[in-house]
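Structure assessment
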Amino acid sequence: MSGTVVEAVRGKAAAAQLLSFSGLFAVYKAKGCTSAAVLNRLRAKLMAETGMPKPSRRKRNKMLKIGHGGILDSSAAGVLVVGIGKGTKMLSSLLAGSKKYTAVGELGKATDTFDSTGKVTEEKPYDWITKEDIENVLQKFTGSIMQVPPIYCALKRDGQRLSTLVKKGEVVEAKPARQVMVYSLTLRSFKPPFFTLDVECGGGFYVRSLVNDIGKELSSCATVLELTRTKQGPFTLEEHVLYEDKWTIDEIARSLECCMPLLQEEPPRKKLKMELSEECAMNSEDK
């Protein structure tokens, strides 16, 4: 057979394998790109490997159905869980489930976005704050707490994201405080003005709001400098994510085989008495 025919046969076999995938796996989302952009790049690489023509924007998800398990801020990095095929129907449970983050905060500075991408709105002294002060404050933000989401977020008003409305210059009021769950919150390091937190939380939680609230509780202010999602459900940054050089059909097949049994092993977390609605979960932005 000619080389062209062989390539066509291989491409057809690869396409059949890709379209047969069903389940969940995890990829690494780098800082500086949106979660949607990661999915688009992943889809493009897989389609290119099969030799299939690039579909139109309207038809691309019909040809290869993929989705992610919760938006991760463009300024954040880490675990992004991906559902493929019928696995996309399993994503809702991960949206409301447990996640872990490592966040680096900076004392003495507040921004409109609650992170380093925004405009500085306030500066306050912080010289008196000690490690013990921060550790004492963290106890107030552990367990079932009420939290006001940031204005710059993926929650919607009239069908549009609040962050989009703010950027258009519209007046946007913060959403009402809502009940969220913090399973654990520890101070990893403190080198003024910087502090590093390890957070395990439930769905609908915003680490940016947490750091902003911690600054206020310390009679100063604070903002997020760096944010990394280290775990979502059973998927960890160290063991399970595929970096972009591994976004191939064979690597995803291996990852699906390895990761799907983890969903059976993941111990359930105690749910809130008033669970977040699916709509809130689907609009959850981490964070």
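Residues numbered from 1 in each chain as written. Predicted model: local features only at pLDDT ≥ 70, side-chain atom pairs only at ≥ 80, totals over all residues. Heavy atoms only, no water.

Some details on the overall build of the protein
- Scanning the protein for helices and strands turns up 10 helices and 16 strands.
- Buried positions account for 50% of the 287 residues belonging to the protein.
- Sequence-distant contacts in the protein: of pairs separated by 6 or more residues, those separated by 24 or more amount to 74%.
- As displayed, the protein has an accessible area near 14,700 Å², and 52% of this comes from carbon and sulfur atoms. (Helix = DSSP H or I, 4+ residues; strand = E, 2+ residues; numbered from the N terminus. Buried < 20%, exposed > 50% of the residue type's maximum accessible area, 1.4 Å probe, protein only. Contact = heavy atoms within 4.5 Å. Areas by Shrake-Rupley, 256 points an atom, 1.4 Å probe, with all protein chains shown as cover.)

Observations concerning empty space enclosed by the protein
- Tallying each qualifying case throughout the model produces one cavity of 30 Å³ or more.
- If you add up the space inside the largest cavity, you get close to 60 Å³.
- Forming the walls of the largest cavity are 12 residues, and the residues nearest its centre are S75, D115, V224, L225 and L227.
- With four residues, strand β13 (residues 222-232) is the single largest residue contributor to the lining of the largest cavity.
- For the lining of the largest cavity, the per-class residue count stands at four nonpolar, two polar and six charged. (1 Å grid on protein atoms, 1.4 Å probe; cavity = no way out; pocket = protein on both sides within 12 Å on 5 of 7 lines; lining within 4 Å. Points joined across faces, edges and corners; volume = space filled by probe spheres on them. Nonpolar A, V, L, I, M, F, W, Y, C, P; charged D, E, K, R; others polar.)

Quick word on the pairing of strand β1 (residues 23-29)
- The element β1 is extensively covered by neighbouring structure, given that six of its seven residues are classed as buried.
- Looking at chain direction, β1 and strand β4 (residues 77-84) are connected through seven bridges and run antiparallel. Residue pairing across strands places G23 opposite I84, the latter belonging to β4.
- Of the strand pairs in this sheet, β1 and strand β15 (residues 241-242) are connected by two bridges, and their pairing is parallel. Paired with V27 across the two strands is L242, which belongs to β15. (Pairing = 2+ DSSP bridges.)

Some thoughts on the nonpolar core
- Of all hydrophobic cores here, the largest spans 29 residues; its most connected members are I134, F195, L197 and F205.
- Sorting the residues of this core by element identifies β5 (99-107), α5 (131-138), β11 (178-191), β12 (194-201), α7 (207-217) and β13 as the ones contributing at least two each.
- In terms of residue count, the dominant contributor to this core is β11 (five residues).
- With near-sequence residues (within four places) excluded, F195 lies in contact with A103, V104, G105, E106, L107, I134, L187, S189, F190, V211 and A222. (Core = buried A, V, L, I, M, F, W, Y, C linked by side-chain atoms within 4.5 Å.)

Focus on α7
- In terms of burial, α7 is largely enclosed, as eight of its 11 residues are buried.
- All buried positions along α7 are accounted for by V207, R208, S209, L210, V211, N212, I214 and G215.
- Of the residues flanking the end of α7, it is S219, one or two places downstream, whose phi is positive at about 60°.

Some thoughts on the confidence of the model for the protein
- Scored by pLDDT, the protein has a mean of 85; 77% of the residues are at 70 or more.
- A low-confidence stretch, residues 272-284 (pLDDT under 50), is modelled with 21 contacts involving residues beyond four sequence positions or located in other chains. (pLDDT = per-residue confidence, 0-100.)

Some remarks on unusual backbone geometry
- Cis geometry is adopted by the peptide bond preceding P193, which originates at P192 and carries an omega value of 5°.
- As for its position among the elements, P193 is in the loop between β11 and β12.
- The phi dihedral of F114 is positive, around 70°, even though this residue is not glycine.

Re the side chain of S75
- Relative to the elements of secondary structure, S75 occurs in the loop between β3 (71-72) and β4.
- Reaching out from S75, the side chain makes a polar contact with the side chain of D115 at a distance of 3.2 Å.
- Not counting residues up to four positions away in its chain, the partners in contact with S75 are K31, D115 and T117. (Polar contact = N/O pair within 3.5 Å; in protein donor to acceptor, adjacent residues only side chain to side chain.)

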